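These are the residues of each chain, in order.
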Amino acid sequence: MAKIISYCYTFLIFLGFGFLSLAVHAQKVVAIQDKVEQHIFNFSEIEVLEDQKNQFSFDEISSAAFSPQFKASLKSTPQTTNFNTTYWFRIKIKHNSEAGNRFLLELFDQTIDHLTVYIPKSNGTYEVKELGDRLRFKERDLSHKNFEIYIDNDGNEVQTYYFKIQSSQIADVIIVLRSVNWFISYALDEYFYFGIFYGMILVFSFYNLIMYVAIRQKQYLFYVLYNLSVGLFEMSSDGIAYQYLWPNAPDWNQIAYAFFLYATSVFALLFTRELLFVKAKAPILNRLIIGVITVRSIFFLYCLLFDQELFSYKFLEFVPLTVAFFTGIYIFKRGYQPARFFVLGYSFLFFGFTLKFLIMLGISWLNFGVITYYSLSFCFVLEMIFLSFAIGDKVRILKKKKDKAQRQMIQQMSVNAKLKDKLNQELEEQVDARTKEVFNKSMIIETQNEELIKANEQLKKQAEEISRMNVLLEQDNQELQTNVEKISRDRVMSADVDFEEFSKIYPDKESCDRFLAELKWKNGYTCKKCKNDHFYAGHAPFSRRCSKCDYEESVTSYTILHNTRIPINKVFYMIFLIYSTKGKISSHKLSEILNIRQSTCWTYGTRIKTVMEERKNILKKANKNGWSLLVLD
């Protein structure tokens with residue numbers, strides 16, 4: 001009997017240790033209480049299960065078989081570190097029907113793409129609610145940038161809430177239990193501070209835009225664009241932009257932050273170049289900045305066109321931030337005073353970015369909840385203030401240099417005025433002496449002018465006589481030239497001349513066409529089509545167009561030269577040679593004289609000889625220009 005009692009005690013002890021072990025590893029339950037207005041779930045209050053292939057249904061997840069697979073969060077704020085992987089989270093809440101406040105659950109991170117919440121009911125079923133920034137903003141129950149779910153608090157039992165999350169970027173799973181009164185107060189305060197933050201950005205941007213318009217220095221423009229890019233990036237990250245700027249564009253909302261983050265990096269580097277005179281003070285760093293801008297632009301375009309999931313690697317902005325920060329330090333060490341505020345401002349931004357980067361790498365003890373979540377925004381504000389100080393300091397130094405230059409200029413102007421007075425006095429004395437000298441010389445010149453006038457009158461008479469003689473000489477030259485042309489024409493038409501002499505009479509196509517026109521229509525014009533005798537000038541040189549039927553007849557139509565492909569003056573000379581030799585010249589001789597192929601000379605020569613044969617009776621009675629009778633068909 002004693003042994004049996006001993007065995008029973010032993011069994012009860014092991015059973016107690018078993019229950020104690022289960023109690024140690026059991027999920028911590030959060031109880032609803034009126035005195036606790038807000039509670040942020042962390043560590044063992046949140047359990048997580050990673051579904052890499054998205055293959056489990058809610059029935060499987062909520063079953064007793066899957067319950068051991070949920071593990072308590074090892075971080076105060078769990079994260080979805082693997083992109084496009086399904087994560088299941090669950091929390092347990094002990095309801096309190098005696099509580100006077102109404103409560104809701106809120107998830108902070110607005111970048112979650114798909115958020116499915118399974119809300120338990122008193123009858124053991126679950127209500128499914130779809131949230132996430134893939135849905136239009138107006139589909140939310142509350143018009144707020146975060147995701148909120150009202151919870152029923154009618155009973156006193158412990159209920160399990162499940163959250164299914166899918167996101168294309170790292171999401172912070174910050175789940176908060178809040179009373180509605182606390183939420184309203186908190187939301188109003190939050191939007192108030194957002195208004196201050198974005199209002200500061202607009203005020204700084206507007207002020208610097210006015211400065212840019214007034215001074216036209218690019219540093220102000222780049223600072224404005226940098227501030228606006230920071231503001232739009234923060235609005236995209238906070239969900240404010242999705243709520244107010246593009247509530248009906250969920251697809252754009254997925255990548256909007258990437259555009260503004262890219263713009264922030266580029267304009268920050270351009271602003272650094274202009275503010276710190278990097279091109280002049282550090283040429284190597286200037287080339288490095290341009291290279292970083294180029295590589296960042298290429299990476300942005302690659303992500304946009306081929307793999308938008310790469311936009312999630314925000315930590316890459318650490319590179320341009322580091323380059324700008326190092327550039328400020330380097331320029332400051334070189335003695336440029338405005339860089340001290342630049343370095344101080346970027347120190348805060350560098351600290352905020354580093355803090356976010358370390359939290360993303362998994363150093364959870366740095367995560368202090370809401371303060372850490374908005375730490376980068378605080379750092380942006382401080383950086384914006386100190387950068388404004390840097391711009392003001394630069395303007396102050398430039399103004400100081402300008403004032404110094406103006407003082408030196410005034411001193412120099414005073415010295416110049418004294419020198420001017422002295423020079424003017426010396427010049428007056430010299431002018432007086434020079435005036436007397438000029439007066440004496442002017443008298444001499446006046447006398448010489450009278451003599452020149454007389455000489456000019458004589459020259460004018462001589463010029464008139466020379467002009468009269470030139471007129472007579474010109475008339476004689478014209479007569480002489482006419483006689484020479486006549487003699488040359490007679491010689492050409494009556495003697496054996498070469499092509500060079502012949503070309504003096506018909507040097508080009510225009511002279512040949514003019515001769516053909518005079519030859520064709522020496523007895524008047526008659527249209528070949530309608531016999532009309534009135535015409536207008538045609539489109540081609542020396543052609544004629546009928547005024548009645550518009551038929552245009554070229555100068556070579558109905559002549560032996562029609563459609564010829566060799567120079568027309570050479571055809572003229574060929575006709576002249578055949579005529580003058582009475583058709584006895586050979587095609588080989590013509591080819592040698594005219595520098596035309598023998599076959600072409602034979603073809604045209606045969607045609608000309610045929611016409612000569614047909615018109616031999618007319619040619620016997622012809623004068624020295626009888627060769628022209630062979631031209632017309």
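Remember, it's a predicted structure, so these values are computed and weren't measured experimentally. (Residues numbered from 1 in each chain as written. Predicted model: local features only at pLDDT ≥ 70, side-chain atom pairs only at ≥ 80, totals over all residues. Heavy atoms only, no water.)

Draft legend 1. Representation of the packing of helix α16 (residues 587-594) against helix α17 (residues 598-614) in the model. Put simply, α16 and α17 touch, their axes get as near as 8 Å, and they point 115 degrees apart. Between α16 and α17 lies a crossing whose hand is right-handed. Between α16 and α17, the residues in contact are Ser-587, His-588, Leu-590 and Ser-591 and Gln-598, Cys-601 and Trp-602, respectively. Considered class by class, the residues forming the contact of α16 with α17 number three nonpolar, four polar and no charged. (Axes fitted to C-alpha atoms, helices over the stretch in contact; angles between N-to-C directions. Helix = DSSP H or I, 4+ residues; strand = E, 2+ residues; numbered from the N terminus. Left-handed = near helix turned anticlockwise from the far one by under 90°. Contact = heavy atoms within 4.5 Å. Nonpolar A, V, L, I, M, F, W, Y, C, P; charged D, E, K, R; others polar.)

Draft legend 2. Region of the structure containing the pairing of strand β7 (residues 114-120). Across the seven residues that make up β7, a large majority, six, are buried. Pairing analysis gives five bridges linking β7 to strand β10 (residues 158-166), with the strands arranged antiparallel. Paired with Thr-116 across the strands is Lys-164, a residue of β10. In this structure, β7 lies alongside strand β8 (residues 126-131), joined through six bridges in antiparallel fashion. The residue of β8 that forms the bridge with Thr-116 is Glu-130. Between β7 and β8, which pair antiparallel one after the other, the connecting turn spans five residues, and Gly-124 there sits at a positive phi close to 90 degrees. (Buried < 20%, exposed > 50% of the residue type's maximum accessible area, 1.4 Å probe, protein only. Pairing = 2+ DSSP bridges.)

Draft legend 3. Inspection of the sheet that holds strand β6 (residues 103-107) at higher detail. Here four strands make up an open sheet; going across it, the order is β2-β11-β6-β9 and the pairing antiparallel. The sheet is open, and its two edges are formed by β2 (38-40) and β9 (147-150), each paired on a single side. Geometrically, the sheet is characterised by an average inter-axis angle of 20 degrees between neighbouring strands, direction not taken into account. Note that β2 and strand β11 (residues 175-179) share three bridges and pair antiparallel. If you follow His-39 over to β11, its bridge partner there is Leu-177. Strands β2, β6, β9 and β11 of the sheet are contacted by helix α3 (residues 180-215), whose axis makes an angle of about 105 degrees with β11.

Draft legend 4. A look at the state of the cysteines. Within this structure, the stated rule accounts for zero disulfides. Left without a disulfide partner, Cys-527 is nearest to the cysteine sulfur of Cys-549, which lies 3.6 Å away. (Disulfide = S-S within 2.5 Å.)

Draft legend 5. Structural view of the pairing of strand β5 (residues 86-94). Counting buried positions along β5 yields seven of nine residues, so the element is predominantly enclosed. For strand β1 (residues 30-31) and β5, the ladder comprises two bridges, and the chain directions are parallel. If you follow Val-30 over to β5, its bridge partner there is Ile-93. One ladder, built from five bridges, connects strand β3 (residues 47-51) with β5; its direction is antiparallel. Looking at the pairing, Glu-47 lines up with Arg-90 of β5. Pairing between β5 and β10: eight bridges, direction antiparallel. When the sheet's bridge partners are listed, Phe-89 is paired in β10 with Phe-163.

Draft legend 6. The arrangement of the pattern of salt bridges in detail. Taken as a whole and judged by the stated rule, the model has 16 salt bridges. The closest approach of N and O atoms between Lys-121 and Glu-127, which form a salt bridge, is 2.9 Å. For Lys-121, a relative accessible area of 26% translates into the label partly exposed. As a salt-bridge pair, Lys-441 and Glu-437 come within 3.2 Å of each other at their nearest N and O atoms. Pair noted here: Lys-441 and Glu-437 are both in helix α12 (residues 375-494), with a separation of four residues, about one helical turn. Since its relative accessible area comes to 42%, Lys-441 is described here as partly exposed. Salt bridges linked by common partners bring Lys-121, Glu-127 and Asp-152 together as one network. (Salt bridge = Lys/Arg side-chain N within 4 Å of Asp/Glu carboxyl O.)

Draft legend 7. Looking closely at the nonpolar core. Counting residues in each nonpolar core, the largest one holds 55 residues, and the members touching the most others are Tyr-198, Tyr-223, Leu-269, Phe-271, Leu-276, Phe-311 and Tyr-346. For this core, the elements supplying multiple residues, two or more each, are α3, α4 (218-238), α5 (240-244), α6 (250-275), α8 (283-305), α9 (318-333), α10 (339-360) and α12. The biggest single contributor to this core is α6, with 13 residues. Counting 39 residues, the second-largest nonpolar core is a separate cluster that includes Tyr-573, Ile-575, Leu-590 and Val-631. (Core = buried A, V, L, I, M, F, W, Y, C linked by side-chain atoms within 4.5 Å.)

Draft legend 8. Spatial organisation of the sheet that holds strand β13 (residues 544-546). One open sheet accounts for three strands, arranged β12-β13-β14; its pairing is antiparallel. Each of the sheet's edge strands pairs with one partner strand only, and the pair in question is β12 (535-537) and β14 (552-553). Pairing analysis gives two bridges linking β13 to β14, with the strands arranged antiparallel. Bridged to Arg-544 within β14 is Glu-553.

Draft legend 9. View of the packing of aromatic side chains. As enumerated under the stated definition, the model contains 26 aromatic pairs in all. Taken together through their ring pairs, the aromatic side chains of Trp-246, Trp-252, Phe-259, Phe-260, Tyr-262, Phe-300 and Phe-311 make up a single cluster. Between Arg-102 and the ring centre of Tyr-150, over which it is positioned, the NZ or CZ distance is 4.3 Å. Above the plane of the ring of Tyr-212 lies Arg-216, whose end atom (NZ or CZ) is 5.5 Å from the centre. (Phe/Tyr/Trp six-rings, centres within 6.5 Å; stacked < 30°, edge-to-face > 60°. Lys NZ or Arg CZ within 6 Å of the ring centre and 35° of its normal.)

Draft legend 10. Structural context of the confidence of the model for the chain. For the chain, the mean per-residue pLDDT works out to 80, and 85% of the residues sit at or above 70. Scored below 50 in pLDDT, residues 1-24 makes zero contacts in the model with residues more than four places away or belonging to other chains. Throughout residues 488-495 the model reports pLDDT below 50, and contacts reaching past four residues in sequence, or to other chains, amount to 17 contacts. (pLDDT = per-residue confidence, 0-100.)

Draft legend 11. Spatial organisation of the layout of surface pockets. Its boundaries defined by the atoms lining it, the second largest pocket holds a volume of some 240 Å³. In terms of lining, the second largest pocket is formed by 10 residues, of which the most central are Tyr-579, Lys-582, Met-612, Lys-616 and Leu-619. Along the lines of polarity and charge, the residues of the lining of the second largest pocket split into three nonpolar, two polar and five charged. (1 Å grid on protein atoms, 1.4 Å probe; cavity = no way out; pocket = protein on both sides within 12 Å on 5 of 7 lines; lining within 4 Å. Points joined across faces, edges and corners; volume = space filled by probe spheres on them.)

Draft legend 12. A look at the packing of α3 against α4. Running from amino to carboxyl end, α3 crosses α4 at an angle of 160 degrees, the nearest separation of the two axes being 8 Å. Comparing their axes, α4 and α3 come out roughly antiparallel. Note on packing geometry: the crossing formed by α3 with α4 is left-handed. Within the contact between the two elements, α3 uses Phe-194, Phe-197, Tyr-198, Ile-201, Leu-202, Phe-204, Ser-205, Asn-208, Leu-209, Met-211, Tyr-212 and Ile-215 and α4 uses Lys-218, Tyr-220, Leu-221, Tyr-223, Val-224, Asn-227, Leu-228, Gly-231, Glu-234, Met-235 and Asp-238. Looking at the contact of α3 with α4 residue by residue, the class counts come to 16 nonpolar, four polar and three charged. (Parallel < 35°, antiparallel > 145°, perpendicular 65-115°, else oblique.)

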